[in-house]
Amino acid sequence: MLVCAGMLTLASKLKREEGMRAGRTSAGSNDASHRVSIRDRLLIKEVAELETNLPNTCKVTFPDENKLHHFQLAISPDEGYYLGGKFQFEIEVLEAYNMVPPKVKCMTRIWHPNIAETGEICLSLLREHSIDGTGWAPTRTLKDVVWGLNSLFTDLLNFDDPLNIDAAEHHLRDKEDFRNKVQDFIKNYAR
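Residues numbered from 1 in each chain as written. Predicted model: local features only at pLDDT ≥ 70, side-chain atom pairs only at ≥ 80, totals over all residues. Heavy atoms only, no water.

## Remarks on the nonpolar core
- Judged by nonpolar contacts, the single largest core of 43 residues is most densely connected at Leu73, Tyr82, Phe89, Ile121 and Leu149.
- Put simply, the parts of the chain that give this core at least two residues each are α2 (38-53), β2 (58-61), β3 (70-75), β4 (87-92), β5 (103-106), α3 (142-151) and α5 (175-189).
- Counting residues per element, this core draws most heavily on α2, which supplies five residues.
- Residues within four places of Ile121 in sequence aside, it is in contact with Phe89, Val104, Lys105, Cys106, Asn114, Ile115, Leu126, Leu149, Leu152 and Leu163. (Core = buried A, V, L, I, M, F, W, Y, C linked by side-chain atoms within 4.5 Å. Buried < 20%, exposed > 50% of the residue type's maximum accessible area, 1.4 Å probe, protein only. Helix = DSSP H or I, 4+ residues; strand = E, 2+ residues; numbered from the N terminus. Contact = heavy atoms within 4.5 Å.)

And the structure:
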């Protein structure tokens, strides 16, 4: 589910800007405050694509409809260890996007091998420079980011290359106790 009135607001701004540019004379002003950045142009297109390709376990919201570069993602896994939890992520798309990946932080406390309790996330596509070749590239989109984050709760759950070593070792030692601790975290922080 995607909650976004902002896409229309920025699209309207783009059309106004193009109309103003078409109406200017060659000696007209070049007012930077009316320009729409490359990032915002990309985001208008990518948010529309997200709208049609969002996993059913995800919901995107834009706190400020005029700022598509800052939004929240809620993931409610429908299988696995994290079933029953609702995990909030904050996504900030920097001005240098799409040359750099968005900044993502998990706002929900979680016991997860690839997410630190402080919210940092280990997901190769969010790395600017990745040795395995699966890091960020300008061809990636917000859809890739959302699907990647969603997959951290299923097929990309990685105990072999953890960020939270304690969680990974806990799983290795005692899978049932790991499951219980995940459920405790869900009950206390992820409802």
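Back to the text.
## Quick notes on the packing of aromatic side chains
- Enumeration according to the criterion identifies twelve aromatic pairs in this entry.
- Ring geometry for Tyr81 and Phe178: centres 5.1 Å apart, planes at 85 degrees, overall edge-to-face. Of this pair, Tyr81 sits in the loop between β3 and β4 while Phe178 sits in helix α5; the two residues are 97 residues apart in sequence, bridging distant segments of the chain.
- A relative accessible area of 0% places Phe178 in the buried class.
- Centroid distance Phe87 to Phe153: 4.9 Å. Interplanar angle 20 degrees. Geometry classified as stacked. Taken as a pair, Phe87 in strand β4 and Phe153 in the loop between α3 and α4 (165-173) lie far apart in primary sequence, 66 residues in all. Residues Phe87 and Phe153 agree in their burial class; the two are buried.
- Grouping aromatic residues by their ring pairs yields a cluster made of Tyr81, Tyr82, Phe87, Phe89, Phe153, Phe159 and Phe178.
- The ring of Trp111 has Lys181 sitting right over it, with the charged end atom 3.8 Å from the ring centre. (Phe/Tyr/Trp six-rings, centres within 6.5 Å; stacked < 30°, edge-to-face > 60°. Lys NZ or Arg CZ within 6 Å of the ring centre and 35° of its normal.)

## Re α4
- Of all the residues in α4, the buried ones are Ala167, Ala168, His170 and His171. Along α4, the residues classed as buried sweep out an arc of 160 degrees about the axis, all on the same side. Away from its buried face, by an angle of more than 90 degrees, α4 presents the exposed residues Asp166, Leu172 and Arg173.
- Those residues of α4 hidden inside the fold are in contact with α5.
- Residue Asn164 occupies the N-cap position of α4, its side-chain oxygen lying 3.3 Å from the main-chain nitrogen of Asp166. (Arc of directions from axis to C-beta. Polar contact = N/O pair within 3.5 Å; in protein donor to acceptor, adjacent residues only side chain to side chain.)

## Some thoughts on the confidence of the model for the chain
- In the predicted model, the chain carries a mean pLDDT of 86, and 82% of its residues have values of at least 70.
- Here residues 3-8 is a poorly scored stretch, pLDDT under 50, and it has 15 contacts once near neighbours within four places are set aside; other chains count.
- Counting contacts from residues 24-33, a segment whose pLDDT is below 50, to residues more than four positions away or on other chains yields two contacts. (pLDDT = per-residue confidence, 0-100.)

## Quick word on the environment of Tyr189
- Mapped onto the elements of the fold, Tyr189 is located in helix α5.
- Look at Tyr189 and you get partly exposed, because its relative accessible area is 37%.
- The sequence separation of Tyr189 and Gly85 amounts to 104 residues, and the corresponding C-alpha distance is 8.5 Å.
- Apart from residues no more than four positions distant in its own chain, Tyr189 is found in contact with Thr108 and Arg109.
- A polar atom in the side chain of Tyr189 sits 2.7 Å from the side chain of Arg109.

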